[in-house]
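Coordinate analysis (summary)
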Amino acid sequence: MNAPNRYELYVLEEGERPVEVTEDTKIPNAATIKIVKQDHTLANLLRSQLLTMPQVLFAGYKVPHPLQPYFLLKIQTDGSVTPAQILETACTKLIGTLATLEAKFKREFTFKDVDGGVQEDAYGAPVTGGNFEGRDYVDLF
């Protein structure tokens, strides 16, 4: 089979660097950043966060091949900050956003037990009988 071993998709090899920044010589204030052992999930989160920042003129990514676990992130800034600095800022803001999401998620689950109202299935629809006694989810398989 062509697929690599699963551990090769997320474990760094000896001496392998997780992030490599290459300054672009043709485009001013631009860089290509190679992030290894990651996929579309992180790439799209970073791209979206970068595009919300006013200093970023361009942010895009590509995964060269689906069997190779890395992506290339291209960033161009207005020159007030370097691409590496703006990436670090975007990562910090993204971590804050995810921490807020986690806190809100946990808070909603604490309210679930307090509510005590109508029992709902996994999709939020009210349960009107059936054998869902004492379960918080519906087993479909």
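Keep in mind that what you see is a predicted model, and the values were worked out from it rather than measured. (Residues numbered from 1 in each chain as written. Predicted model: local features only at pLDDT ≥ 70, side-chain atom pairs only at ≥ 80, totals over all residues. Heavy atoms only, no water.)

1. Overview of the packing of aromatic side chains
- Under the defined criterion, the tally for this structure stands at one aromatic pair.
- Just above the ring of Tyr70 sits the side chain of Lys34; from NZ or CZ to the centre is 4.4 Å. (Phe/Tyr/Trp six-rings, centres within 6.5 Å; stacked < 30°, edge-to-face > 60°. Lys NZ or Arg CZ within 6 Å of the ring centre and 35° of its normal.)

2. Structural notes on the pattern of salt bridges
- All told, the structure shown has four salt bridges when counted by the stated rule.
- Linking Asp24 and Lys74 is a salt bridge whose minimum nitrogen-to-oxygen distance equals 2.4 Å. On the criterion of sequence distance, the pair formed by Asp24 in the loop between strand E1 (19–23) and strand E2 (30–36) and Lys74 in strand E4 (residues 70–77) is long-range, its members being 50 residues apart.
- The exposure class assigned to Lys74 is partly exposed, which follows from its relative accessible area of 25%.
- Across the salt bridge formed by Arg107 and Glu108, the nearest N and O atoms sit 3.5 Å from each other.
- With a relative accessible area of 42%, Arg107 lands in the partly exposed category. (Salt bridge = Lys/Arg side-chain N within 4 Å of Asp/Glu carboxyl O. Helix = DSSP H or I, 4+ residues; strand = E, 2+ residues; numbered from the N terminus. Buried < 20%, exposed > 50% of the residue type's maximum accessible area, 1.4 Å probe, protein only.)

3. Points about the environment of Ala31
- Looking at the element boundaries, Ala31 is found in strand E2.
- Here Ala31 falls in the buried class, since its relative accessible area comes to 0%.
- When the C-alpha positions of Ala31 and Lys74 are compared, they lie 5.9 Å apart, and in sequence the two are 43 residues distant.
- In this structure, Ala31 is in contact with Val21, Thr22, Glu23, Asp24, Leu73, Lys74, Ile75 and Pro83, ignoring residues within four places of it in sequence. (Contact = heavy atoms within 4.5 Å.)

4. Looking at helix H1 (residues 40–51)
- With twelve residues, H1 should reach 16 Å at 1.5 Å per residue; the first-to-last C-alpha distance of 16 Å fits that figure.
- Among the residues of H1, those classed as buried are Ala43, Leu46, Gln49 and Leu50. On an axial view of H1, the arc spanned by its buried residues comes to 135°, and they lie on one face. (Expected span 1.5 Å × (residues − 1). Arc of directions from axis to C-beta.)

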